[in-house]
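# Notes for the structure review
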Amino acid sequence: MKLGGVSRVLLIEDDPAVREGLELALTRHGHRVRAVESGEQGLDRMRTDLPDVVVLDLMLPGMDGFEVCRRIRAAGQVPIIMLTARGDDMDVVAGLEAGADDYVVKPVQPRVLEARIGAVLRRIGRDQAELERHGDLTIDRAGIVIAKRGVPVDLAPTELRLLLELSGTPGRVHSRQQLLESVWEHGYFGDSRLVDACVQRLRAKIEDDSAAPVYVQTVRGFGYRFGPV
């Protein structure tokens, strides 16, 4: 979590100009930034620095950002914001499927990146009271713990926020744009691929059969709803 109110950001970017510019801008916004130039260095820093959020360039020398993303996600649930070249739609999809929570296109506007970092940190900091039971799922909103048949389910921050948002109003249909605004805080400029990729990852963890979901259901042509179960 945040250390003394200061968030710890791990920036993994091989371009010196971009790395130094973002490090300076994020530091000015009050973050404690550790900037490294390779995926290997980033994974080492993950073990020692315990960042609150990772900003990860996809196009890295050596171990690429996709593999770094997968390894970070396999080891823990720290939020990951990936940096991607404009127009590389396949990279965006692949990065989201690898476990990234959000993305920012290059050239990076520091104020946009700062807004995305703030949004992802607010998401994981929110909680709500009460223990809920939905079929085999138990949702502890105060403790932010999800369990299935009594076994804790390890969700990434955005997956957790999406589940909390949908399950808060069972049966209600949420459009992708509504979910972008409430979960990602993207507003008008959101990308629906964020929602679809996150739904796929969430279903893989909470559904018995992702192809026939019980909890996160698709309403064709509109969006998603939770249940009924």
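Residues numbered from 1 in each chain as written. Predicted model: local features only at pLDDT ≥ 70, side-chain atom pairs only at ≥ 80, totals over all residues. Heavy atoms only, no water.

Under an unreviewed UniProt entry, the name given to the chain is Response regulator transcription factor, and the source organism is Sphaerisporangium flaviroseum.

## Side note on the overall build of the chain
If you tally the helices and strands in the chain, you get eight helices and twelve strands. At 17 Å, the chain has a C-alpha radius of gyration in line with the 17 Å of a compact globule built from 229 residues. Reported as C-alpha extents along the three principal axes, the dimensions of the chain are approximately 50 × 35 × 30 Å. If you take every contact in the chain between residues at least 6 apart in sequence, the share linking residues at least 24 apart comes to 56%. Surface summary for the chain: the accessible area is close to 10800 Å², and the carbon and sulfur share equals 52%. (Helix = DSSP H or I, 4+ residues; strand = E, 2+ residues; numbered from the N terminus. Rg over C-alpha atoms; globule rule 2.2 N^0.38 Å. Contact = heavy atoms within 4.5 Å. Areas by Shrake-Rupley, 256 points an atom, 1.4 Å probe, with all protein chains shown as cover.)

## Focus: the side chain of aspartate 57
Along the chain, the position of aspartate 57 falls in strand β3 (residues 53–57). Side-chain polar atoms of aspartate 57 contact the backbone nitrogen of methionine 59, separated by 3.5 Å. For aspartate 57, the contacting residues outside a window of four places in its chain are Ile12, Glu13, Asp14, Gly65, Leu83 and Lys106. (Polar contact = N/O pair within 3.5 Å; in protein donor to acceptor, adjacent residues only side chain to side chain.)

## Overview of the sheet that holds strand β12 (residues 223–226)
Within the open sheet, the three strands sit side by side as β10-β12-β11. Their pairing is antiparallel. Single-partner strands in this sheet number two, and they are β10 (173–175) and β11 (216–219). Put simply, the sheet's adjacent strands are angled 35° from each other on average, direction ignored. Where β11 lies against β12, four bridges are found, and the strand directions are antiparallel. Across the sheet, residue valine 216 finds its bridge partner in β12, namely phenylalanine 226. Relative to β10, helix α7 (residues 176–184) is tilted by about 80°, and along the sheet it contacts β10 and β12. On the sheet, helix α8 (residues 192–206) packs against β11 and β12 and is oriented at approximately 140° with respect to β11. (Pairing = 2+ DSSP bridges. Axes fitted to C-alpha atoms, helices over the stretch in contact; angles between N-to-C directions.)

## Examining the sheet that holds strand β7 (residues 137–140)
In space, the four strands of this open sheet follow the order β6-β7-β8-β9, with antiparallel pairing throughout. This sheet does not close on itself; its edge strands, each paired only once, are β6 (131–134) and β9 (151–152). Of the pairings in the sheet, the one linking strand β8 (residues 145–148) to β9 comprises two bridges and is antiparallel in character. The residue of β9 that forms the bridge with alanine 147 is proline 152. Set on the sheet, helix α6 (residues 157–167) makes contact with β6, β7 and β8; between it and β7 the angle comes to about 100°.

## Some thoughts on the pairing of β6
The alternating pattern of β6 places Glu132 and His134 on a buried face, while none of Leu131 and Arg133, on the opposite face, is buried. Relative to β7, β6 is paired through four bridges, and the arrangement is antiparallel. Looking at the pairing, glutamate 132 lines up with isoleucine 139 of β7. (Buried < 20%, exposed > 50% of the residue type's maximum accessible area, 1.4 Å probe, protein only.)

## Brief notes about unusual backbone geometry
Cis geometry marks the peptide bond from lysine 106 to proline 107; its omega dihedral reads 0°. Tracing the backbone shows proline 107 in the loop between β5 (102–106) and α5 (110–125). The backbone of leucine 50 sits at a positive phi, close to 50°, despite the residue not being glycine. Along the chain, leucine 50 turns up in the loop between α2 (39–49) and β3. Under the relative-accessibility criterion, leucine 50 is labelled exposed at 53%.

## Here we look at the packing of α2 against helix α3 (residues 65–75)
It is at 10 Å that the axes of α2 and α3 come closest, and there the two elements cross at 15°. Overall, the two elements α2 and α3 adopt an arrangement that is roughly parallel. Crossing of α2 over α3 shows right-handed handedness. Between α2, through Gly39, Leu43 and Met46, and α3, the contact on the second element is made entirely by Val68, Arg71 and Ile72. When the residues that make up the contact of α2 with α3 are grouped by side-chain class, the tally is four nonpolar, one polar and one charged. (Parallel < 35°, antiparallel > 145°, perpendicular 65-115°, else oblique. Left-handed = near helix turned anticlockwise from the far one by under 90°. Nonpolar A, V, L, I, M, F, W, Y, C, P; charged D, E, K, R; others polar.)

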